Amino acid sequence: MSQSPDNFDALQKLLALKRHEPPPPGYFNRFAGRVIAQLESEGGMQSPTWWQRWWEALNSPPVLALSYGAVIVGLVMLGTGLLQTLELEADPSLAASQPWLPRESLSMAAAATVVAEVPRPPAIDSAGPASSFSPVLGNSAPPFLFNPNGLTAQRVSYQPR
Amino acid sequence: MSTSVLEQPTAPPAPPVLTTLDDRALVRRAKSGDLAAYDELVRRYQERIYATLYHMTANHEDANDLAQEAFIKAYHSLRSFKGDSTFFTWLYRIAVNRAINFLKQRKHKTHLSLNDLDFNAEHDPDLVALISDKTPRREAGLAELQEKLNAAMLQLSETHRLVVALHDVQGLSHEEISRIMDCNVGTVRSRLFYARQQLQSLLSDYLKSA
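Here is what the cut-offs are and how they apply
- Residues numbered from 1 in each chain as written.
- Chains lettered and ligands numbered in written order.
- Predicted model: local features only at pLDDT ≥ 70, side-chain atom pairs only at ≥ 80, totals over all residues.
- Helix = DSSP H or I, 4+ residues; strand = E, 2+ residues; numbered from the N terminus.
- Buried ≥ 20, exposed ≤ 12 C-beta atoms within 10 Å, placed from the backbone.
- Contact = placed C-beta atoms within 7 Å.
- Core = buried A, V, L, I, M, F, W, Y, C linked by C-beta atoms within 7 Å.
- pLDDT = per-residue confidence, 0-100.
- Axes fitted to C-alpha atoms, helices over the stretch in contact; angles between N-to-C directions.
- Parallel < 35°, antiparallel > 145°, perpendicular 65-115°, else oblique.
- Nonpolar A, V, L, I, M, F, W, Y, C, P; charged D, E, K, R; others polar.
- Expected span 1.5 Å × (residues − 1).

Asker: Looking at this model, I keep getting lost on the overall build of chain A. Mind explaining?
Answerer: The number of helices and strands found in chain A is six helices and zero strands. Starting at the N terminus and ending at the C terminus, chain A contains elements arranged as α-α-α-α-α-α. For chain A, the proportion of its 161 residues judged to be buried stands at 9%.

Asker: So what exactly am I meant to see when it comes to the overall build of chain B here?
Answerer: Regarding its fold elements, chain B presents eleven helices and zero strands. The order of helices and strands in chain B, counted from the N terminus, is α-α-α-α-α-α-α-α-α-α-α. Long-range contacts, defined as pairs at least 24 residues apart, comprise 67% of the intrachain contacts of chain B with a sequence gap of at least 6.

Asker: Help me understand unusual backbone geometry in this model?
Answerer: Glycine aside, residues mostly have negative phi, and peptide bonds are mostly found in the trans state. Residue and element names in this part refer to chain B. If you check the backbone angles, Ala58 has positive phi at about 55 degrees while not being a glycine. Position of Ala58 relative to the elements: it lies in the loop between helix H3 (35–57) and helix H4 (60–76). Its identity is not glycine, yet Asp182 carries a phi of approximately 55 degrees, on the positive side. Along the chain, the position of Asp182 falls in the loop between helix H10 (174–181) and helix H11 (185–202).

Asker: Would you take a moment to explain the nonpolar core for this structure?
Answerer: Generally speaking, soluble globular proteins have nonpolar side chains that are buried together. Counting residues in each nonpolar core, the largest one holds 60 residues, and the members touching the most others are Leu14 of chain A together with Leu53, Ala67, Ala95 and Val164 of chain B. Once you skip the residues sitting within four places of it in the chain, Val164 of chain B turns out to touch Leu15 of chain A together with Met153, Leu156, Val169, Leu192, Ala195 and Leu199 of chain B.

Asker: Honestly, H10 of chain B in this entry has me stumped. Any pointers?
Answerer: Given 3.6 residues per helical turn, the α-helix brings residues three or four places apart onto the same face. Residue and element names in this part refer to chain B. Within H10, the full set of buried residues consists of Ile177, Arg179, Ile180 and Met181. Tucked into the core, H10 has its buried residues touching helix H5 (87–105), helix H9 (158–169) and H11. Looking one or two residues beyond H10, the residue adopting positive phi is Asp182, at roughly 55 degrees.

Asker: For this particular structure, what's the right way to read the confidence of the model for chain B?
Answerer: Detailed conclusions should not be drawn from predicted coordinates in areas where pLDDT is low. Of the residues in chain B, 79% reach a pLDDT of 70 or more, and the chain-wide mean stands at 83. In this model, residues 1–8 of chain B is a region of pLDDT below 50 whose contacts with residues beyond four sequence positions or in other chains number 15 contacts.

Asker: What should I look at first to understand the packing of H9 of chain B against H11 of chain B in this one?
Answerer: Two quantities define a packed helix pair, namely the angle between the helix axes and the distance between the axes. All names here are of chain B. Two elements in contact, H9 and H11, have axes separated by 9 Å at closest approach and are oriented at 95 degrees. As judged from the angle between their axes, H9 and H11 are roughly perpendicular. Only Val188, Arg191, Leu192, Tyr194, Ala195 and Leu199 of H11 make contact with H9, whose side of the interface consists of Thr159, His160, Val163, Val164 and His167. Here the residues of the contact of H9 with H11 are counted per class, giving seven nonpolar, three polar and one charged.

Asker: Sorry if this is basic, but what is going on with the environment of Asp23 of chain B here?
Answerer: Residues and elements named next belong to chain B. Among the secondary structure elements, Asp23 is positioned in helix H2 (residues 23–31). Using a count of 18 C-beta atoms within 10 Å as the deciding quantity, one classes Asp23 as partly exposed. Once the C-alpha coordinates of Asp23 and Glu40 are considered, the two residues, 17 residues apart in sequence, prove to be 9.2 Å apart. If near-sequence neighbours (up to four positions away) are discounted, Asp23 is found in contact with Leu41, Thr86 and Phe87.

Asker: I'm lost on H5 of chain B in this one. Help?
Answerer: For H5 of chain B, spanning 19 residues, the distance from its first C-alpha to its last is 27 Å, which sits close to the expected 27 Å at 1.5 Å a residue. Those residues of H5 of chain B hidden inside the fold are in contact with H2, H3, H4, H9 and H10 of chain B.

Asker: Honestly, the environment of Ala67 of chain B in this entry has me stumped. Any pointers?
Answerer: Residues and elements named next belong to chain B. The topology assignment puts Ala67 in helix H4. Residues Ala67 and Arg48, 19 residues apart in the sequence, show an inter-C-alpha distance of 9.8 Å. With sequence-adjacent residues up to four places away left out, Ala67 is seen in contact with Gln46, Ile49, Tyr50, Leu53 and Ala95.

Asker: Even after reading the chapter, I still don't get the confidence of the model for chain A, so can you show me in this structure?
Answerer: With 45% of its residues at a pLDDT of at least 70, chain A reaches an overall mean of 70. Across chain A, the element-wise mean pLDDT spans from 54 in helix H6 (residues 103–117) of chain A up to 92 in helix H2 (residues 27–41) of chain A.

Asker: So what exactly am I meant to see when it comes to the environment of Asp39 of chain B here?
Answerer: Mapping Asp39 of chain B onto the fold places it in helix H3. Between the C-alpha atoms of Asp39 of chain B and Phe71 of chain B, which are 32 residues apart in sequence, the distance is 9.9 Å.

Written out as structure tokens, the structure is:
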């Protein structure tokens, strides 16, 4: 009874016995008919839901998938362009620094400047500039933070005594 | 769960034109709802799918139910079949996964419902030689041997049993099995080796010394 663990010839011959176990006669003549009958009773191919169709479309041939990609990229670029236009409206000085922008954008920026120059309604307290006592109600606009008007840098000489 | 086999009418064979089409063409037609095309696909693979499931379950009724479920599931999943593998491999995967799930649930309820051996078994020289008068079980007939063999198969894990059924019984190559089981060829070889070792030990009384 001893047998080499790597020699499976006898076992393989024994396993061949399983090839001689057919189902009852005529079984395969009826099998396909039963499968199809069940599918017909279920209504055949179920129509896919919208997300299944979408998913299939994304997984369909590369040409279609690429066209989907192109549309998405186009939408992103359009959105970026619109965002830049809106930024120009808010700050027209950007137009000068970005001459490559279209004329429409520049004219919109100019319009935005005109709007910005419309005189403000008089302040309630026009007595003086904003101060710590009246920080909001001052008539004049607050000085620009990084380029204060009237301030010039002067060289200071220092001679020790 | 089981379906009566004898009560069902015999289905007419598929139209001749369909039998000449390859799997891809039939799958395309079936995807568009052509049940006749799918009928042809079922006829092409029913025997192999049934045999695999039968060798996995050692039970005709279970194999019949699982085979039907596999073909129905495959039809409903046809839209997701992209042709990355052959239809045959894809279908096998569905059937095998269903069988493994089923066997995990059936873990403690194993009963054999074996098909009768065909006439050729009695005249197979290899099998006749295996029932040797030198073995302690010399009185064992082929039917008993069949039962012992299937009982031994059921003691293997599902994956080991599957590899033996596909390779040693159905004659699929290691590469085909690796695609069906979605693992590499080395894993298939290793599983086959351990499964054979286990079977050899379980059936040592019936195996003649070389």
